Amino acid sequence: MIRKSFCRICTSACGVLVEVDDEERVLSVRGDADNLLSHGYTCSKGRAMGHGHHREDRLLYPKIRNGDAMERVSWDEALDDVAAKLRAIIDESGPDAVGIFLGGGGYLDSAAYATAQMMRKALRTRSYYSDMTIDTVSKILVGEMIGGFAALPRPDFGRCRMTIYVGTNPLVSHGHTAMLSSPAVRMREFTTEGQVWVLDPRRSETAVKATRHLQTRPGTDYAVLAYLVRELLRDGADREYLDRHAQDVEALAEAVEGFTCARAAAISGIATEVLEEFSAAVRRAGRVSVESGTGVSMSPAANVTAWMTWALMIVTGSLDREGGAWSNPGMLTQLDNRRIPTAPEEGFRGPGPASRPDLRSVAGEYPCAAMPDEIESGNLRALINLSGNLITCMPGTERITAALRQLEVLLTVEIADNATTALSTHVLPAKDQLERPDVSLGTDFSFPELGAQFTPAVVAPRGDVRSYWWILTQIGKRMSLDFFPGVNPDTVTDDDVVALLALGARTPIDTSGEANYTVAADRAFGWLQSRADEFGGWRLAPGPLVAQLAELAPGPDLVLISRRQKNQLNSRKSADHGTTGIYVNPDDAAKRGLNDGDIAVVRSRHGELTGSVTIDPTLVSGALSVPHGFEGSCNVNQLTSADDIDPITGMPIFSNLPVELARAGNP
Ligand SMILES: Nc1nc2c(c(=O)[nH]1)N[C@H]1C(S)=C(S)[C@@H](COP(=O)(O)OP(=O)(O)OC[C@H]3O[C@@H](n4cnc5c(=O)[nH]c(N)nc54)[C@H](O)[C@@H]3O)O[C@H]1N2
Ligand SMILES: Nc1nc2c(c(=O)[nH]1)N[C@H]1C(S)=C(S)[C@@H](COP(=O)(O)OP(=O)(O)OC[C@H]3O[C@@H](n4cnc5c(=O)[nH]c(N)nc54)[C@H](O)[C@@H]3O)O[C@H]1N2
Ligand code: SF4
Ligand SMILES: [Mo]
């Protein structure tokens, strides 16, 4: 039997056809050619969905810690116990003593995501953390600073004649905040209809397929972009557009004045002639879309680089306009039809947690970097971990491991065991993507089109797993708190909850039967700009960014840069596993006498890791990479620290971190 569904491993949400036998075993998964959002595309991770469902280490029953051992218990025992402990902590220390972490597995279960937001309100805790502050916080904050709102622009595919990718590798990642299904096909289209320029210190899979690749020195993209902005402001900017829709044009011009071609070349390592060709190509294209990814957002230059991407789109009159870039307001959420307060020029930043006066909350969340201090100081006594593998995703592995052990309650909702469930006090098994109905709420803003989709559950649940929303609302009920107003977990079904989430979609979406998709006739243009016009137009030169640009210094000789792998998503163990290890440019390896397969040590100012060397000629000399998401000796977060952060956003420095490399055994 073939059942239609959509993949919820990454936010591309590709449509799939799942072949299931009479015993509810998944036989195969392939792309659904009828799906209007993905047109039949899938990647190896999506096709291995059946493996993920049937894997040996799936969590099938609730567990509670008893000393060093984890014991299988009934749902009632687990829920009663955790609820009683959370209630006691709140009664004693107040709601902030109970924190929430929303991790990768919690985002794409729409009912879980929605319940988490309501649970946060009902608990009245300010201790809310998520992957946002270890991934993309600079893009959120810079969007607020310039546009008054955390919008994430992406190319107006098909009409945009020039796409610039900075520190993102959509061929492998399928995009950072704007997703790209069938990336190879899309790249072929873009490079035929127009041009794609890629800035990346690695000759990435995307760079290979691009019109041009500028192999920049790590962390120097801001200089290249600032040069382009400077050139355009001198000649070629859309002045009429700027007069009507932007403010602080002069202040922007002043901030980028020093970025002459010669200076940008000296900083980035890109020849002056190439930079001149780049600026000529931008002028020719007229409108451009500039998209940045984790290579930028995890680096010390994150904020100023994001600023320059916006500035380039604005001076060319491309932002929120056809042929340039647009921002998806969501088919279900409909941001364009909501009244959302405008952020002040410094972004929505509030007070940080008590133990980290140097940090501020961004977009209403505490930075993840604060979590170890909050636990060590006793402010945070319990953590509800909504499917994050904290041991691999958080900065400073050793410290966060010790801190998590100190928690009185570490409740982890998961589908599989990992290094974080091993430290948890309560582990509750949730339905995986094939076992639950869903709508695309978690991907509402990331589609390349304005669209939404629905899937019914595809197979019967294994073991005694339960729905995420059910688990959380049952805990709430036992704490006398309503985590999902209007939903009684004892009587309501998964299908009811999903129908509720789909209510009020821009184009109605049927959640009563088969999987289905809806795509709007056109993208949504002009909604962001009309908001910006209300406060005088795009704010082109936010004070904190101007100050940060003036302070940026050139990087050291060897840095760690971030990188994702084709067959593995973050820490998830896939069928065709990614490979852990240290990727090194041939010259950097030769200087240290290292060959392929040698065991080497990477040291940063915070720690060290050991791994096997892979010689990688795609890397620029001076940059090495260690993929994240691995537990054990090659966990890259042994090199990072919750104290080594961007001072504005609190984002830990995960990329462009100075390191040393040596053969293992050498001091
Ligand atoms: N040094 C360094 N650190 C990094 C990064 C980096 O590049 N370098 N990347 C950062 C980024 S961008 C991110 S987003 C974070 C990601 O870090 P995490 O939030 O830990 O994300 P994942 O590893 O993708 O997934 C976490 C868990 O989700 C579970 N899961 C998968 N599917 C489901 C499901 O359907 N239901 C439930 N309940 N659970 C499910 C998986 O079993 C997995 O254990 O790491 C960050 N940390
Ligand atoms: N296959 C796969 N797909 C994924 C994930 C995964 O783990 N595996 N993770 C998902 C998640 S959580 C996220 S957040 C997205 C991230 O999606 P992307 O941001 O596209 O992440 P990467 O593929 O790591 O691409 C980052 C690129 O930045 C480059 N880079 C590093 N430093 C610099 C720099 O200083 N300047 C420039 N210009 N480039 C630099 C790297 O060489 C790399 O090519 O991917 C998602 N998709
Ligand atoms: S690109 Fe993402 S959504 Fe599509 S099949 Fe691969 S993992 Fe699934
Ligand atoms: Mo991410």
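Residues numbered from 1 in each chain as written. Chains lettered and ligands numbered in written order. Predicted model: local features only at pLDDT ≥ 70, side-chain atom pairs only at ≥ 80, totals over all residues. Heavy atoms only, no water.

Q: Looking at this model, I keep getting lost on the overall build of the chain. Mind explaining?
A: A count of helical and extended segments in the chain gives 24 helices and 30 strands. Against the globule reference of 26 Å for 667 residues, the chain gives a C-alpha radius of gyration of 24 Å, in line with a compact fold. Out of the 667 residues in the chain, the part that is buried amounts to 62%. In the chain, of all internal contacts separated by at least 6 residues, the share reaching a separation of at least 24 is 75%. (Helix = DSSP H or I, 4+ residues; strand = E, 2+ residues; numbered from the N terminus. Rg over C-alpha atoms; globule rule 2.2 N^0.38 Å. Buried < 20%, exposed > 50% of the residue type's maximum accessible area, 1.4 Å probe, protein only. Contact = heavy atoms within 4.5 Å.)

Q: Looking at this structure, how should I read unusual backbone geometry?
A: Among all residues except glycine, the phi angle is most often negative; among peptide bonds, the trans geometry is most common. Positioned with a positive phi, H174 is a non-glycine residue whose angle comes to about 65°. By the secondary structure assignment, H174 is in the loop between α7 (170-173) and α8 (183-193). Judged by its relative accessible area of 4%, H174 falls in the buried class. One non-glycine residue, S182, adopts positive backbone phi at about 40°. One can find S182 in the loop between α7 and α8. According to the relative accessible area criterion, S182 is buried, its value standing at 11%.

Q: Quick question: what am I supposed to make of the site of ligand 1 here?
A: By nearness alone, 27 residues border ligand 1, and G104, D131, N389, E414 and S571 come closest of all. For ligand 1, an oxygen atom lies 2.7 Å from a polar atom in the backbone of N389. Here N637 contributes a side-chain N or O atom positioned 2.9 Å from a nitrogen atom of ligand 1. Taking 920 Å² as the accessible area of ligand 1 by itself, protein coverage stands at 94%. (Near = heavy atom within 4 Å. Polar contact = N/O pair within 3.5 Å; in protein donor to acceptor, adjacent residues only side chain to side chain. Areas by Shrake-Rupley, 256 points an atom, 1.4 Å probe, with all protein chains shown as cover.)

Q: Mind showing me how you'd approach the site of ligand 2 here?
A: Contacts to ligand 2 come from 32 residues, most closely from T168, S173, D200, G219 and Q568. At 2.7 Å from an oxygen atom of ligand 2 is found a side-chain nitrogen or oxygen belonging to S173. In the environment of ligand 2, an oxygen atom lies 2.7 Å from a nitrogen or oxygen atom belonging to the backbone of T294. The protein chains hide 95% of the 930 Å² of surface that ligand 2 would expose on its own. Of all the secondary structure elements, the ones that give two or more residues to the shell around ligand 2 are α7 and α15 (294-297). Class assignment of the residues belonging to the shell around ligand 2 gives a composition of seven nonpolar, 17 polar and eight charged. (Nonpolar A, V, L, I, M, F, W, Y, C, P; charged D, E, K, R; others polar.)

Q: How should the UniProt feature "domain: 4Fe-4S Mo/W bis-MGD-type" (unreviewed entry) in the chain be read in this particular structure?
A: Here the UniProt-annotated "domain: 4Fe-4S Mo/W bis-MGD-type" (unreviewed entry) positions come out as residues 1-57. Split by type, residues 1-57 is 18% helix and 30% strand. Its first and last C-alpha atoms lie 26 Å apart. (UniProt positions renumbered as here; feature names shortened; annotations may be inferred.)

Q: Honestly, the environment of V584 in this entry has me stumped. Any pointers?
A: Inspection of the secondary structure assignment puts V584 in strand β25 (residues 582-584). By relative accessible area, which is 1% here, V584 ends up buried. The spacing of V584 and V626 is 42 residues in sequence and 9.1 Å in space, taken between C-alpha atoms. In this structure, V584 is in contact with A589, V613, T614, I615, D616, L619 and L661, ignoring residues within four places of it in sequence.

Q: Would you mind showing me how to read the packing of aromatic side chains here?
A: Describing an aromatic ring pair means giving the distance of the ring centres and the angle of the ring planes. One pass over the full model with this rule turns up nine aromatic pairs. On the basis of an interplanar angle of 10° and a centroid distance of 4.8 Å, the ring pair of F157 and F190 is categorised as stacked. Of the two residues, F157 is situated in the loop between β8 (153-155) and β9 (162-166) and F190 in helix α8; the sequence distance between them amounts to 33 residues. Exposure class is identical for F157 and F190. Each is buried. (Phe/Tyr/Trp six-rings, centres within 6.5 Å; stacked < 30°, edge-to-face > 60°.)

Q: I'm lost on the pairing of strand β27 (residues 608-615) in this one. Help?
A: Residues in a regular strand point their side chains to alternate faces of the sheet. As paired elements, β25 and β27 share three bridges and run parallel to each other. Directly across from I582, in β27, lies its bridge partner V613. In this structure, strand β26 (residues 599-603) lies alongside β27, joined through five bridges in antiparallel fashion. What sits directly across from V602, in β27, is L609. Hairpin connection, β26 to β27: the antiparallel pair is bridged by four residues. (Pairing = 2+ DSSP bridges.)

Q: Looking at this structure, how should I read the pairing of strand β4 (residues 63-66)?
A: With four bridges joining them, β4 and strand β5 (residues 69-72) adopt antiparallel strand pairing. If you follow K63 over to β5, its bridge partner there is R72. Sheet topology places β4 next to strand β19 (residues 426-429); two bridges connect them, and they run antiparallel. Within β19, the residue paired with I64 across the bridge is H426.

Q: What's the story with the pattern of salt bridges in this structure? I'm lost.
A: Opposite charge on two side chains permits them to pair, given that their charged atoms come into close proximity. Inspection of every chain in the model, using the stated rule, returns 47 salt bridges. Between D34 and K4 there is a salt bridge, with its nearest N and O atoms 3.8 Å apart. With D34 in the loop between β3 (26-31) and α1 (44-47) and K4 in strand β1 (residues 2-6), the pair connects residues that are 30 residues apart, well separated along the chain. Judged by its relative accessible area of 56%, D34 falls in the exposed class. A residue is classified by how much of its surface remains accessible, and K4, at 23% relative accessible area, is partly exposed. Measuring nitrogen to oxygen at the nearest pair gives 2.9 Å for the salt bridge that ties D417 to K63. Pair noted here: D417 is in the loop between β18 (409-414) and β19 and K63 is in strand β4, with a separation of 354 residues, a long-range link. Judged by relative accessible area, which is 29%, D417 ranks as partly exposed. The class of K63 is buried, set by a relative accessible area of 17%. (Salt bridge = Lys/Arg side-chain N within 4 Å of Asp/Glu carboxyl O.)

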